[in-house]
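One-letter residues, chain by chain:
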Amino acid sequence: GMEFLVQQVWGGPKSFADFRFAELNSVAEMVGAASPVIDEKNVDVGSPFVMARIDSIEMATEVAKRCVMIKNIHEVWGNGDSLEAALKKAKTYVEENKAHVDRFMHNETFAVRVNGFGHTYSVQEQRKVMEPFLQLGWTAKVNLKNPKNIFWVFTDHGHQEGHFKTAGNSPSKVWFCRQISEGMRSMGVLPRFSLKTRPFIGPTSTCAELAFLMANQGQVRNGSLVFDPFVGTASLLVASSYFGAFCVGMDRDYCLLHSKVHKPKARQKDLFVNFKYYGLGKPEIVCGDNAFPPWVQREMVDAIICDPPYGVRAGARRTGSRKAHQGKKANDVDIWKYGKKHVPSSIPYPVEDVMADLLDVAAEYLVLGGRLVYLLPTVGDFDSSKLPTHPCLSLIAHSSQALTGGFDRRCITMKKSRKWEPSLKATRRDKSSEPAPCYADVAAHVFRKQPSASTSTKGEERKKQYEKKEDIDPREKREKSSEIYKVNNSEGLPLTNPSKKMRQS
């Protein structure tokens, strides 16, 4: 394969920067490239530049236009640890590939641009950097506004401790390359699908950027069958539908799915409004519980993409008898008698059970090679070996995003690698002897602060003052307050409240 320079979106821990390598490998595999196209162990995680090995220019263009975390993808003409080394390799490349570079250098308009990571170049510095590369023998016309071909001089000065290094440092890596294609962001997809302009959203609606990232991780393409067992407002299915998938969603919240509004003057909307707003095909929606899947056993789903409830904004509940959950005798309900009017009761649904049931459903209904992509919150130290497991599913990637409240949201990607059998079940721990994993009870750790010593001391003082006040006789309290008022009332004002008199009159 050919080597290409990929300029990716780069940011801090609260961005989706950790998703970029997993997304690139997933999309490249989906379009037919030999996977993996990058070696994640040998890449510089502190740099937006990464070298990828892809079979052809056409395939590289297809990868770039599908990836959310790619800015541009480029054909490398020269690279090195300094400007001089990159220029030397560029001259060699031009001499050895005259048939390929001829139309770019002599027939079509071009522009040369400079971009530095960790360094801001002034106009004078940019001219100084690009001047040697303009001596490669160009005869084509320069067009700075709308060139046919864009050439870049990329320099990597490094990133250190959350701030850019001081100007003047020499770059550690330099590339001279031709831009092949821009990424998905340049197509204006993310602003179009922003939650700010979406007509129907909820408190747990997934942002457009993460929804498209998860669709790419699930390798959703035209004609794929995508299932979301916790559909909510269907924000994840919107992204999959954009890529041409046939979508099916399920949720146990009857009021949400049937647009039951509680305010009399509220405008009635449902999740189908979003698909009509974007001009996408409507999904098939089922009111059901993933703990008791209503489907006939058949391996038919290409991808399961979901955001399971974990109790931070929306508590997890499943269908069940509350009396039986409390250890009492439960009465049987004749659902045929009540028909559609019957709404089953619900009981708490521990996060561990949510994940185990999700993996069981994925193993049973995914096609061989199908993918499960879900979000998992974790608190504290993370160990990928502690993730939920199933004999039929293998872990492909896990990416993290730091959130406020002291927990991380992780995107877990699994692939079905074994045919399902009824005896194969998700691994469940023994709660009486084994320790709880880092995702077991996130809600108990989020936004919880231990009281400081000063705060507890103040609380004890207030409690003592309150106890002292309670010991005083009410008559004695009134007499003391009147005496204090007389002392402070040096001007001889009336003891009664004038505003109270006015109200009484």
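Procedures and definitions
Residues numbered from 1 in each chain as written. Predicted model: local features only at pLDDT ≥ 70, side-chain atom pairs only at ≥ 80, totals over all residues. Heavy atoms only, no water. Helix = DSSP H or I, 4+ residues; strand = E, 2+ residues; numbered from the N terminus. Buried < 20%, exposed > 50% of the residue type's maximum accessible area, 1.4 Å probe, protein only. Contact = heavy atoms within 4.5 Å. Areas by Shrake-Rupley, 256 points an atom, 1.4 Å probe, with all protein chains shown as cover. Pairing = 2+ DSSP bridges. Axes fitted to C-alpha atoms, helices over the stretch in contact; angles between N-to-C directions. Phe/Tyr/Trp six-rings, centres within 6.5 Å; stacked < 30°, edge-to-face > 60°. Lys NZ or Arg CZ within 6 Å of the ring centre and 35° of its normal.

Trainee: Would you explain the overall build of the chain in this entry?
Mentor: Scanning the chain from N- to C-terminus turns up 16 helices and 17 strands. Per-residue burial for the chain yields a buried fraction of 42% across its 505 residues. A separation of at least 24 residues holds for 75% of the contacts in the chain among residues at least 6 apart in sequence. Of the roughly 28900 Å² that the chain leaves accessible, carbon and sulfur atoms contribute 51%.

Trainee: Even after reading the chapter, I still don't get the side chain of Asn274, so can you show me in this structure?
Mentor: Within the fold, Asn274 resides in helix H10 (residues 272-278). Discounting chain neighbours no more than four positions away, the residues touching Asn274 are Arg198, Pro199, Phe200, Thr233 and Val238.

Trainee: Any chance you could explain the sheet that holds strand E2 (residues 49-54) here in plain terms?
Mentor: Across a sheet, paired strands are connected by hydrogen bonds in the backbone, their directions being either parallel or antiparallel. The sheet built from six strands is open, its strands ordered E2-E1-E3-E8-E5-E4 with mixed pairing. Edge positions in the open sheet fall to E2 and strand E4 (110-117), since each of these has one partner strand only. In this sheet, neighbouring strand axes are inclined to one another by 35° on average, regardless of whether the strands run parallel or antiparallel. Judged from the five bridges that link them, strand E1 (residues 2-8) and strand E3 (residues 70-80) form a sheet pairing that is antiparallel.

Trainee: Hey, could you run me through helix H8 (residues 235-242) in this one?
Mentor: Owing to its 3.6 residues per turn, the α-helix brings residues three or four apart onto one side. Counting buried positions along H8 gives seven out of eight residues, so the element sits mostly inside the fold. Buried residues along H8 sit against helix H7 (208-217), strand E9 (225-228), strand E10 (246-251), H10 and strand E12 (301-306). Note on H8: the residue one or two positions beyond its end, Gly244, has a positive phi of about 95°.

Trainee: How should I be thinking about the packing of aromatic side chains in this particular structure?
Mentor: Given two aromatic rings, one states the distance between the centres and the angle between the planes to describe the pair. Inspection of every chain in the model, using the stated rule, returns 22 aromatic pairs. Geometrically, the ring pair formed by Phe110 and Phe151 is edge-to-face, given 6.5 Å between the ring centres and 85° between the ring planes. Highlighted residues: Phe110 in strand E4 and Phe151 in strand E5 (residues 149-156), separated in sequence by 41 residues. Here Phe110 falls in the buried class, since its relative accessible area comes to 3%. A residue is classified by how much of its surface remains accessible, and Phe151, at 0% relative accessible area, is buried. Seen in terms of ring centroids, Tyr277 and Tyr278 are 5.1 Å apart; in terms of plane orientation they differ by 70°. Their pairing is edge-to-face. Put simply, the rings of Trp77, Tyr93, Phe104, Phe110, Phe133, Trp138, Phe151 and Phe176 pair up and form one aromatic cluster. The lysine or arginine in question, Arg66, covers the ring of Phe243, its NZ or CZ lying 3.5 Å from the ring centre. In this structure, Arg410 packs its charged tip against the face of Phe382, placed 3.8 Å from the ring centre.

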